[in-house]
Amino acid sequence: MTLLELFFDLVYVVALALISRGMVVDLDWHSAAEALVLLAAIWWTWAITTLVTDMYDPERPEIKLLITAVMFGALLMTTAIPEAFGARGLIFAGTYVAIHLGRGLFLMPTVRHDPQTRRRAARIFIWFAVSAVPWIGGAFVSGDGRLALWVLALSIDYLGFRVAYPVPGLGAVPDEARSVTAEHLSERYQQFFIIALGDAILTIGTMFSLDHSETENVAAFTAAFYTTLLLWRIYVHKSGELLPLAIATSRQPSRFLHTAPYTHLLMVAGVVTTAAGFELLLHHPGGRTPPAWAAVILGGPALFLVGRALFEYEVFSRVSLSRPGGLLALLTAAPAVLFLPPWTAALAAMLVLAGVAIADARRSWGRPPEEPVPPH
């Protein structure tokens, strides 16, 4: 991991914070769907750029220039997030398209002496050119039309990656052209997850209010902090810790390339949603919990556990019972918290995550270190 890559990541600290805060401005299912679309778009600029720095030498001047240009574009997209479904939709979508098409236009002449690498860049460019149509088209409509077109565009982008960008006459990108560097790629995903947790910490530090009773304040603050700590602990133990080894020892290292962007997006989405719940909680810890609030406060940890279960399967070819058990516990708690203050909903989420973490610790206590067993 280079210092320039760490510098590049700073943009996403701001982006995640804006997305989590925007989710709760007018909290409903529509705003949640919009936030998810924005997160998926922002995530994809990071994920594809990370793969570029993994497949090419990040110390090359050309790649450094490319990273800097993408950073500029990602920051411009970030400034448009609050009004991406309003007046600044064209800036958000146009910059997203410019990042992905511009990267292809930059790389193809840069790698012109390597036919296989040039064809790989051409395939990816063509798929992003196709998705550019609904991206730009969506910027010229509003409301549900924009949301639908941008969901279509993201579906094309995510599907293209999953099926290795097949193009008539060129075929799909072969596995040997999708090789990954275990240490670098795993460090980058770990780094972004820490950035997502940083959004939660930022929310706790900036949204803590003293306008309510001392008991409610302390309960809300404590639940938010320990929930963040537990999200980190559950991620790290043991899948996050052993991800580099799992990639390095796999007979098909490129398999992680096919799945890691999706599993980590789910976990990051869970953390961002949890951070949005913290904002609601820390401003209004008392009173009864509205259904939408309960969906955010409990849904964030639930979404994280879904992604974490898939991540565990990537590394160990199994899913611990504590993952579906935690999901069931969160679902069971949902009806009860509707009659209780928001801080009790946050406390319930924290206790469920604590149970998952304790189950993880008990499973590995006194046993030899577990080795990764990637699925075939």
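Please read all numbers here as calculations on a predicted model, not as lab measurements. (Residues numbered from 1 in each chain as written. Predicted model: local features only at pLDDT ≥ 70, side-chain atom pairs only at ≥ 80, totals over all residues. Heavy atoms only, no water.)

**Thoughts on the packing of helix α10 (residues 291-316) against helix α12 (residues 342-364)**
Packed helices, taken two at a time, are described by the angle between their axes plus the distance between the axes. Relative to each other, α10 and α12 sit at 15°, their axes nearing to 8 Å. With respect to each other, α10 and α12 are oriented roughly parallel. Here α10 runs over α12; the crossing is right-handed. Contacts between α10 and α12 involve Trp293, Ile297, Leu298, Pro301, Leu305 and Glu312 from the first element and Pro342, Ala345, Ala346, Ala349, Leu353, Val356 and Arg363 from the second. The class makeup of the residues in the contact of α10 with α12 is 11 nonpolar, no polar and 2 charged. (Axes fitted to C-alpha atoms, helices over the stretch in contact; angles between N-to-C directions. Helix = DSSP H or I, 4+ residues; strand = E, 2+ residues; numbered from the N terminus. Parallel < 35°, antiparallel > 145°, perpendicular 65-115°, else oblique. Left-handed = near helix turned anticlockwise from the far one by under 90°. Contact = heavy atoms within 4.5 Å. Nonpolar A, V, L, I, M, F, W, Y, C, P; charged D, E, K, R; others polar.)

**As for the packing of aromatic side chains**
Counted by the stated rule, this structure contains 23 aromatic pairs. Ring geometry for tryptophan 135 and tryptophan 150: centres 5.3 Å apart, planes at 45°, overall tilted. Linking tryptophan 135 in helix α5 (residues 115-139) with tryptophan 150 in helix α6 (residues 144-162), this pair joins segments that are 15 residues apart in sequence. By relative accessible area, which is 0% here, tryptophan 150 ends up buried. (Phe/Tyr/Trp six-rings, centres within 6.5 Å; stacked < 30°, edge-to-face > 60°. Buried < 20%, exposed > 50% of the residue type's maximum accessible area, 1.4 Å probe, protein only.)

**Observations regarding the environment of glutamine 116**
Tracing the sequence through the fold places glutamine 116 in helix α5. Sequence separation of glutamine 116 and valine 173 is 57 residues, and the distance between their C-alpha atoms is 8.9 Å.

**Let's talk about the packing of helix α4 (residues 89-110) against α5**
The contact between α4 and α5 brings their axes to 9 Å, and the two run at 165°. Here α4 is positioned roughly antiparallel relative to α5, judged by the angle of their axes. Two packed elements cross with a definite hand, and for α4 against α5 that hand is left-handed. The residue makeup of the contact of α4 with α5, split by class, is 18 nonpolar, 4 polar and 2 charged.

Honestly, it's all geometry; don't read function into it.
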